[in-house]
Amino acid sequence: MSNTGGFAGELFRGGAEWLSGRGGESDVVISSRVRLARNLAGFPFVCRASRIQRQAVLDLTRQRLTTTGIASRVLWVDVHRAGPLERTLMVERHLISKEHARGAPGAPAAQAACPTPAGQAGNEAAAEPRGVAISLPDESLSVMVNEEDHLRLQVVRPGLELSQAFADVNRVDDLLEGPSTTGLGGKPLEFAFSPRFGYLTACPTNVGTGIRVSVMLHLPALKLVGEMDKVRRATRDMGLAVRGYYGEGSEAAGEFYQISNQTTLGKPETVILQEFEREIIPQVIQYERASRRLLLEKRKRMLEDKVFRSLGLLRAARLLTPEEAIVLLSDVRLGVLAGLVTDIELATVNQLILLTQPAHLQRVVGHDLDQGERREARADFVRKAMGAG
Amino acid sequence: MSTVKCDLCDNDATVHEVKISGGKSIERHLCERCASAAGVQIQPQQPAVTQILSQLLKGAAAGNPQQPKAPAQASASACPECGLSFAQFRQAGMLGCAQCYVSFEGQLGPLLSRAHEGGTHHVGKVPRSLEIIRTAPQPAGTAPGAGASAGSGGAVDLQSEELARATKVRKALSEAVSAENYERAALLRDELHKIEAVLRSVNPPAGAPSLARPPRATRKPKPEEGQPGAEGTQP
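Residues numbered from 1 in each chain as written. Chains lettered and ligands numbered in written order. Predicted model: local features only at pLDDT ≥ 70, side-chain atom pairs only at ≥ 80, totals over all residues.

Here's the deal with the overall build of chain A
Turning to step 1, where the next piece is worked out: Regarding its fold elements, chain A presents 15 helices and 10 strands.
Turning to step 2, where the next piece is worked out: Relative to its full complement of 389 residues, chain A shows a buried share of 56%.
Turning to step 3, where the next piece is worked out: Looking at chain A alone, contacts between residues at least 24 apart form 70% of all its contacts between residues at least 6 apart. (Helix = DSSP H or I, 4+ residues; strand = E, 2+ residues; numbered from the N terminus. Buried ≥ 20, exposed ≤ 12 C-beta atoms within 10 Å, placed from the backbone. Contact = placed C-beta atoms within 7 Å.)

Structure, rendered in structure tokens:
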């Protein structure tokens, strides 16, 4: 329950569990995430709340989050007081959203029209009271306070483990608004709820269950055989969103894709989860595996060329951008899984995906770097990790 | 990326239709001409949620043929709780408070149904605090989460009765939806409407933005949930 001072060390000590490569179907599925959106009854939604009201929401929820036993250890961070590097570190670890780090809603339209009392933007917005509670040491649970909704509870687990992720996040949801089990924890939170619309959220696209189920997949073979567009179309026609590695508004980087539901009203959580876990995702997994087999059987030379070129670049480059690194690491990951690359562990590749991000890289190096220095440091770090000089 | 030929002629297909039925997807690839002849609507690119929403909102504002006047009128009114106007909502795509859902219920209904693939009513989890009403109906005020209903005496009786009924209907509704039995679901939905009307008359949504709240209906039967011993343990 430490506050901002030096908390980055706490986060950096453990690897991000969701990138551990453990969990079901981990050759294709990187991670499973379930998020619930909740708002407190009796307060305006964040966008329309005064600074005093936001602070009150923060105080109420912080007390509840840090004393109700939502995890064996809870790290609380006042995001508005955290430094830029620490905020970015949390974004890279998928503990908070970019918007939460920045302190302003994402879409420009929402930014312009989000009628905050002060009508502020930029630095002003960055100072608005907001926070995040993180479970330690696994970091699988994080609860953002005063993002778009008062509370955004999320659990991320490695591999395909949606049911477990939902069970975990549902348990925390119950704890927050149920009677305290620790004898501590202050008042239970009362969530805004209506019988017709369910859990009420700032954006009506989340109303009802407030649930967002996302699965991050690595689909390099589908891309190589030219079937990725088909997958995109099919999933979109099913009313699902396909996003890139960095979530909303991002394109795929290195063939990592997030598939998530968009419908939250009129379908129970269990149905949404089942559709994902039993129907949609298994189909995509089978499709990707079949493509990998096809490449190995019919186009092995091409596959080897692709994989070993990328490995060569990673082992030889003197300057690397994060975008290039993730594209090359994606190819090498495919090579390791296909049995073509045998002297690199899958875990190493997975961890490099995270450690080559700007904030993580600076933690690795131990001091601040400008962009040019980072490219050099990134290339040096990757060469060493890949067993080259 | 590779070009696909039209199913009906030799042109390149530009319209790709995928229908999902019974867990199977049926694909059709057509050129523009064959598509319009076949009556397939052409959607250029699947827009993002915010785009869909803003289009829906614009549609609502411009006055949809079915409801020409109501939205324009209503957009002039503001939510009495937070002061947000429907026009402001249209611009930002964000509501201001829980009461907005009541204030703009008329306009939100059709909009939500389009954004949520026909979903109009919540089916799923209900706040846990309401289980307190079910298990210990009377001593209002002793239960920590019962703030809204505490002290309203006889109203609580009728309310808890209706809430219990709503639970049953809601559960049946959830099952009907799962089983894709939409006829039954529609009937159950109507019944739920009636119960809600009763609840609204018992518990008017004055200051409290949450309306009357029925007990939990469809919780996943997880063995660890609800076991007092399990909750204090580590995740």
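Quick word on the confidence of the model for chain B
Residues and elements named next belong to chain B.
Turning to step 1, where the next piece is worked out: For chain B, per-residue confidence averages 62 on the pLDDT scale, and residues scoring 70 or more make up 43% of the total.
Turning to step 2, where the next piece is worked out: Put simply, helix H10 (residues 228-231) is where chain B has its lowest mean pLDDT, 34, and helix H5 (residues 100-103) is where it has its highest, 94.
Turning to step 3, where the next piece is worked out: Across residues 59-75 the pLDDT falls below 50, and counting only partners more than four positions away or on other chains, this stretch makes 19 contacts in the model.
Turning to step 4, where the next piece is worked out: Interface confidence for the predicted complex, given as ipTM, is 0.87, next to a pTM of 0.72. (pLDDT = per-residue confidence, 0-100.)

A short note on the nonpolar core
Turning to step 1, where the next piece is worked out: One finds Val132(A), Val143(A), Leu217(A), Val332(A) and Leu95(B) to be the most contacted residues of the largest nonpolar core, which totals 127 residues.
Turning to step 2, where the next piece is worked out: At eight residues, the largest contribution of residues to this core is made by helix H10 (residues 269-298) of chain A.
Turning to step 3, where the next piece is worked out: Among all residues touching Val332(A), those that are not within four sequence positions of it are Val307(A), Ser310(A), Leu311(A), Leu314(A), Val341(A), Ile344(A) and Val349(A).
Turning to step 4, where the next piece is worked out: Counting residues in hydrophobic clusters, the runner-up holds 10 residues, among them Val123(B), Leu163(B), Val177(B) and Leu188(B). (Core = buried A, V, L, I, M, F, W, Y, C linked by C-beta atoms within 7 Å.)

What about the pairing of strand E4 (residues 141-145) of chain A?
Residue and element names in this part refer to chain A.
Turning to step 1, where the next piece is worked out: Here E4 lies mainly inside the structure; five of its five residues are buried.
Turning to step 2, where the next piece is worked out: Burial along E4 is two-sided: Leu 141, Val 143 and Val 145 and Ser 142 and Met 144, pointing in opposite directions, are all buried.
Turning to step 3, where the next piece is worked out: Here four bridges tie strand E3 (residues 131-136) to E4, and the two strands are oriented antiparallel to one another. Each residue of the ladder has a partner; that of Ile 134, found in E4, is Ser 142.
Turning to step 4, where the next piece is worked out: In this structure, the hairpin formed by E3 and E4 is closed by a connection of four residues, where Glu 139 is found at a positive phi of approximately 60°.
Turning to step 5, where the next piece is worked out: Where E4 lies against strand E5 (residues 151-158), five bridges are found, and the strand directions are antiparallel. Paired with Leu 141 across the bridge in E5 is Val 155.
Turning to step 6, where the next piece is worked out: Where E4 folds back on E5, the antiparallel hairpin that results is connected by five residues, among which Asn 146 adopts a positive phi of roughly 65°. (Pairing = 2+ DSSP bridges.)

Focus: unusual backbone geometry
All names here are of chain A.
Turning to step 1, where the next piece is worked out: For the peptide bond that leads from Leu 136 to Pro 137, omega is 0°, which places it in the cis range.
Turning to step 2, where the next piece is worked out: Following the sequence through the fold, Pro 137 ends up in the loop between E3 and E4.
Turning to step 3, where the next piece is worked out: Even without being a glycine, His 94 presents a positive backbone phi close to 60°.
Turning to step 4, where the next piece is worked out: Position of His 94 among the secondary structure elements: in the loop between helix H3 (84-92) and helix H4 (98-102).
Turning to step 5, where the next piece is worked out: The class of His 94 is buried, set by 21 C-beta atoms lying within 10 Å.

Considerations on the sheet that holds strand E8 (residues 211-218) of chain A
Residues and elements named next belong to chain A.
Turning to step 1, where the next piece is worked out: Overall, antiparallel pairing links the eight strands, which are arranged E2-E3-E4-E5-E1-E8-E10-E9 in an open sheet. Both edges of this open sheet fall to strand E2 (73-78) and strand E9 (240-243), since each of them pairs with a single strand only. Neighbour-to-neighbour, the strand axes of the sheet open up by a mean angle of 20°, direction not taken into account.
Turning to step 2, where the next piece is worked out: The strands that helix H9 (residues 228-237) touches are E9 and strand E10 (256-261); relative to E9, the one it contacts most, it runs at about 145°. (Axes fitted to C-alpha atoms, helices over the stretch in contact; angles between N-to-C directions.)

Let's talk about the packing of helix H12 (residues 322-337) of chain A against helix H13 (residues 346-355) of chain A
Residue and element names in this part refer to chain A.
Turning to step 1, where the next piece is worked out: The geometry of H12 relative to H13 is characterised by a closest axis approach of 10 Å and an angle of 165° between their N-to-C directions. Looking at the two axes, H12 sits roughly antiparallel to H13. Both H12 and H13 take part in a crossing whose hand is left-handed. Only Leu 346, Val 349, Leu 352 and Ile 353 of H13 make contact with H12, whose side of the interface consists of Ile 326, Leu 329, Val 332, Arg 333 and Val 336.
Turning to step 2, where the next piece is worked out: A class-by-class count of the residues in the contact of H12 with H13 yields eight nonpolar, no polar and one charged. (Parallel < 35°, antiparallel > 145°, perpendicular 65-115°, else oblique. Left-handed = near helix turned anticlockwise from the far one by under 90°. Nonpolar A, V, L, I, M, F, W, Y, C, P; charged D, E, K, R; others polar.)

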